Amino acid sequence: MNYWPLIGVAVVIAGFALKRNAVLVVVAAGVTSALAAGMSIGDLLALLGNAFVSNRALLLFTLTLPVIGLLERYGLRERAEAWVAGFRSLSLARLLIAYLGGRQLLAMFGLIDLGGHAQTVRPLLAPMSEAAASRDCRLDDAERVRVLSLAAATDNVGRFFGEDVFLAFGAVLLIQGFYERNGIHLEPMQIALWALPTAICAFVIHALRIVFVARTLAARQREVAAARVDGAPS
Amino acid sequence: MSAAIRIEYIFWLVAALLAICAFKNLAERRWAMAAFWGVIACAFAFGELIRAASAAGQRGPAQAMGAGVIALGLLAMGGSRAAVPGAADPPAADIGNRLFLPALAIPLATLVIVLVAPWLHVFGMPLIDASQPTLVALGLACVIALAAALRTTGARVGEAFSEGRRLLDALGSVALLPMVLATLGSVFAATGVGDVIAHIVGMTIPIDNRLACLAAFAFGMVVFTMIMGNAFAAFPVMMAGIGVPLLVVKHGALPAVLGSLGMLTGYCGTLLTPMAANFNIVPAVLLELPDQYAVIRAQIPTALILLCINVALMALLVFR
């Protein structure tokens with residue numbers, strides 16, 4: 001067994017640890033791994049080129065940028081904030097948990113690309129979360145990062161642990177196809193159903209974390225509000 | 001099977017957007033950024049030709065693209081991240097809540113197109129490419145939403161592309177990271193990195209203990225997913241190395257449960273790794289967070305708790 005291609009993994013880890021430009025690190029790791037495996041330059045270039053072109057779908061999100069950019073220039077974020085500010089009862093926890101549940105359910109029906117960081121999180125969910133979390137006073141920088149990263153994390157968790165329950169999703173078909181090639185016949189339904197317990201656990205755990213973060217933030221908001229009332233001239 | 005609107009046409013739209021971005025940078029003498037977007041635009045414009053040539057045994061075009069990928073790595077290092085100034089005067093007109101409609105049009109139009117696509121036919125062929133309906137629908141939805149946004153705001157098309165370019169330049173090389181990481185995954189698969197890892201894990205566990213095998217399988221799924229940034233890449237490797245020979249054949253694990261929960265164990269790893277850049281790094285940059293790892297940090301507790309529960313579920317449900 002040839003262990004040398006593992007150098008590519010080492011290059012990735014070292015490059016990320018040293019905070020070099022990530023694209024450069026990844027390309028260097030690929031080249032290193034291929035050369036260590038004894039691949040010729042011609043094979044290496046063809047492999048890189050074909051693999052790169054095969055993964056074009058990953059850059060499709062850029063098509064949303066002109067729309068999002070234009071709408072933001074005309075005040076989309078401010079609108080989203082104002083809209084949430086109008087609903088006193090829409091707390092950060094309710095907003096994010098509703099998004100989490102909705103994202104999971106839609107993903108279960110295969111509607112994975114309805115939401116996403118470019119499509120829904122940046123233009124809508126992020127400003128709404130920020131507005132819902134800062135009803136009494138502005139968030140400080142650390143709190144702001146916490147709210148926004150939690151919103152992005154919520155999108156990921158909802159997507160990942162919903163899509164696996166969808167029958168025609170790549171993961172289910174990949175599992176089924178793998179077993180088929182190994183002489184084990186399974187129906188996609190059998191595989192997809194076993195993803196349900198984890199999907200439910202994922203919802204409960206992440207929802208609890210959202211509540212926890214929201215409480216911590218709300219506690220400071222109340223403190224500030226109370227201080228303002230106390231200190232206000234009568 | 002051919003279709004009236006193939007995914008390739010959507011890729012050409014991306015090529016056009018990237019080309020505009022390249023030309024705008026060229027006009028401002030930002031050479032590295034112009035070349036960077038230009039090379040990627042080529043991948044989108046000529047992707048189908050490159051793959052067709054490879055399938056026909058001509059390796060030249062793919063090799064040229066491979067050289068392009070290496071050039072992208074070098075350009076990414078040199079490209080300046082100096083922010084492109086936004087247009088000077090933000091428009092004052094208050095458009096109100098109508099501004100939401102174009103934003104919501106992206107998910108809603110995607111949904112509608114996916115749902116009605118099976119019934120739409122033109123000249124006896126399906127309107128939408130049936131192999132990737134959501135991606136085609138997303139592309140079309142962006143066009144529809146752009147039209148709606150231009151109508152609502154009364155802006156010019158050029159303004160939309162300037163804003164799109166500003167966001168794209170702000171993302172910079174991070175936008176490309178998901179694609180090069182997936183490319184790296186293919187390289188690792190081709191050079192046998194996965195087999196080596198499965199081999200090492202297989203050598204170090206007591207194979208007669210079924211829980212030790214299960215723990216090694218779960219650990220391998222998480223670690224290998226973190227290295228590859230993708231549970232799909234880890235799954236066949238760990239299944240072939242440990243899952244099928246040791247757990248299913250030797251210890252009689254139920255394949256359906258093992259497959260499903262094994263994959264989800266890998267997903268916990270996806271939440272933890274910068275290698276899954278499109279989920280973990282791109283959003284941090286899109287949301288303009290000071291720390292690129294902020295989203296991963298927010299996910300660590302959920303991922304670790306869920307991982308433990310998932311392994312416990314496997315231990316309970318897999319052996320009958």
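Criteria and cut-off values
- Residues numbered from 1 in each chain as written.
- Chains lettered and ligands numbered in written order.
- Predicted model: local features only at pLDDT ≥ 70, side-chain atom pairs only at ≥ 80, totals over all residues.
- Helix = DSSP H or I, 4+ residues; strand = E, 2+ residues; numbered from the N terminus.
- Rg over C-alpha atoms; globule rule 2.2 N^0.38 Å.
- Contact = placed C-beta atoms within 7 Å.
- Axes fitted to C-alpha atoms, helices over the stretch in contact; angles between N-to-C directions.
- Parallel < 35°, antiparallel > 145°, perpendicular 65-115°, else oblique.
- Left-handed = near helix turned anticlockwise from the far one by under 90°.
- Nonpolar A, V, L, I, M, F, W, Y, C, P; charged D, E, K, R; others polar.
- Buried ≥ 20, exposed ≤ 12 C-beta atoms within 10 Å, placed from the backbone.
- Core = buried A, V, L, I, M, F, W, Y, C linked by C-beta atoms within 7 Å.
- Expected span 1.5 Å × (residues − 1).
- Bend = angle between axes of the 7 residues up to and from the residue.
- pLDDT = per-residue confidence, 0-100.

## Details of the overall build of chain A
A tally of helices and strands in chain A yields eleven helices and zero strands. Put simply, chain A runs from its N terminus to its C terminus through helices and strands in the order α-α-α-α-α-α-α-α-α-α-α. Computed over the C-alpha atoms, the radius of gyration of chain A is 23 Å, more than 25% above the 17 Å expected from 2.2 N^0.38 for a compact globule of 234 residues. Based on the C-alpha atoms only, the size of chain A along its principal axes is roughly 80 × 45 × 35 Å. Look at the contacts in chain A between residues 6 or more apart in sequence, and 73% of them connect residues 24 or more apart.

## A closer look at the overall build of chain B
Along chain B, the regular secondary structure elements total 14 helices and two strands. Taken over the C-alpha atoms alone, chain B extends approximately 70 × 50 × 45 Å along its principal axes. Partitioning the contacts of chain B with sequence separation of at least 6, the portion at a separation of at least 24 is 71%.

## Concerning the packing of helix 1 (residues 7-17) of chain A against helix 2 (residues 22-36) of chain A
Residues and elements named next belong to chain A. Between helix 1 and helix 2, the shortest axis-to-axis distance is 7 Å and the interhelical angle comes to 160°. By the criterion of interaxial angle, the relationship of helix 1 to helix 2 is roughly antiparallel. As for the relative orientation of helix 1 and helix 2, their crossing is right-handed in sense. Where helix 1 approaches helix 2, its residues I7, G8, V11, V12, G15 and F16 are matched on the opposing element by V25, V26, A28, A29, G30, T32, S33 and A36. Looking at the contact of helix 1 with helix 2 residue by residue, the classes come out as nine nonpolar, five polar and no charged.

## Considering the environment of T110(B)
Note on placement: T110(B) falls in helix 4 (residues 100-116). A tally of 29 C-beta atoms within 10 Å means that T110(B) is categorised as buried. Sequence spacing of T110(B) and S186(B) is 76 residues, and the spatial spacing of their C-alpha atoms is 29 Å. Those residues in contact with T110(B), other than ones at most four positions away along the chain, are D113(A), L114(A), T134(B), A137(B), L138(B) and A141(B).

## Concerning unusual backbone geometry
For R29(B), which is not glycine, the phi torsion reads 60° and is therefore positive. Mapped onto the elements, R29(B) comes out in the loop between helix 1 (7-27) and helix 2 (31-55).

## Topic: the interface of chain B and chain A
Many authors give the size of an interface as the accessible area that is lost as the parts come together. Across the boundary between the two partners, chain B contributes 116 residues, which contact 99 residues of chain A. Per-class residue counts for the side of chain B that touches chain A are 85 nonpolar, 24 polar and seven charged.

## Topic: helix 4 (residues 65-73) of chain A
The buried count for helix 4 of chain A comes to eight of nine residues, which makes it a mostly enclosed element. Turning to helix 4 of chain A, its buried residues are L65(A), P66(A), V67(A), I68(A), G69(A), L70(A), L71(A) and E72(A). In this structure, the buried side of helix 4 of chain A is in contact with helix 5 (76-85) and helix 7 (117-133) of chain A together with helix 4, helix 5 (133-153) and helix 6 (157-171) of chain B.

## Concerning the nonpolar core
Membership of the largest hydrophobic core comes to 200 residues, with the highest contact counts inside it found for V23(A), V26(A), A141(B), A145(B) and M238(B). It is helix 10 (residues 231-250) of chain B that provides the largest number of residues to this core, a total of twelve residues. Here V26(A) is in contact with V12(A), V180(B), L181(B) and L184(B), once residues within four sequence places are set aside.

## Observations regarding helix 7 of chain A
Residues and elements named next belong to chain A. Compared with the 24 Å implied by 1.5 Å per residue over 17 residues, the 19 Å span of helix 7 between its first and last C-alpha is markedly short. At L125, helix 7 shows its strongest bend, of approximately 40°, with the proline P127 following within four residues. Burial analysis of helix 7 places 17 of its 17 residues in the buried class, which makes it a mostly covered element.

## Concerning the environment of P118(B)
Position of P118(B) relative to the elements: it lies in the loop between helix 4 and strand 1 (121-122). For the pair P118(B) and A130(B), spaced twelve residues apart in sequence, the C-alpha to C-alpha distance is 7.7 Å.

## A look at the confidence of the model for chain B
Confidence in the prediction of chain B, expressed as mean pLDDT, is 86, and 95% of residues score 70 or more. As scored by the predictor, the complex reaches a pTM of 0.83 and an ipTM of 0.85.

## Looking at the confidence of the model for chain A
Summarising the model, chain A shows a mean pLDDT of 87, and 96% of its residues fall at 70 or more. At the level of individual helices and strands, chain A shows its lowest average pLDDT in helix 9 (residues 170-181) of chain A, which scores 79, and its highest in helix 8 (residues 141-163) of chain A, which scores 94.

## Points about the packing of helix 2 of chain B against helix 3 (residues 60-78) of chain B
All names here are of chain B. Following both chains from N to C, one finds helix 2 and helix 3 inclined at 160°, their axes separated by 9 Å at the closest point. The orientation of helix 2 relative to helix 3 falls into the category roughly antiparallel. At the point where helix 2 passes helix 3, the crossing takes the left-handed sense. Listed contacts from helix 3 to A32, A35, F36, V39, I40, C42, A43, L49, I50, A53 and S54 of helix 2 are P61, A62, M65, G68, A71, L72, L75, A76 and G78. A per-class count over the contact of helix 2 with helix 3 returns 17 nonpolar, three polar and no charged.

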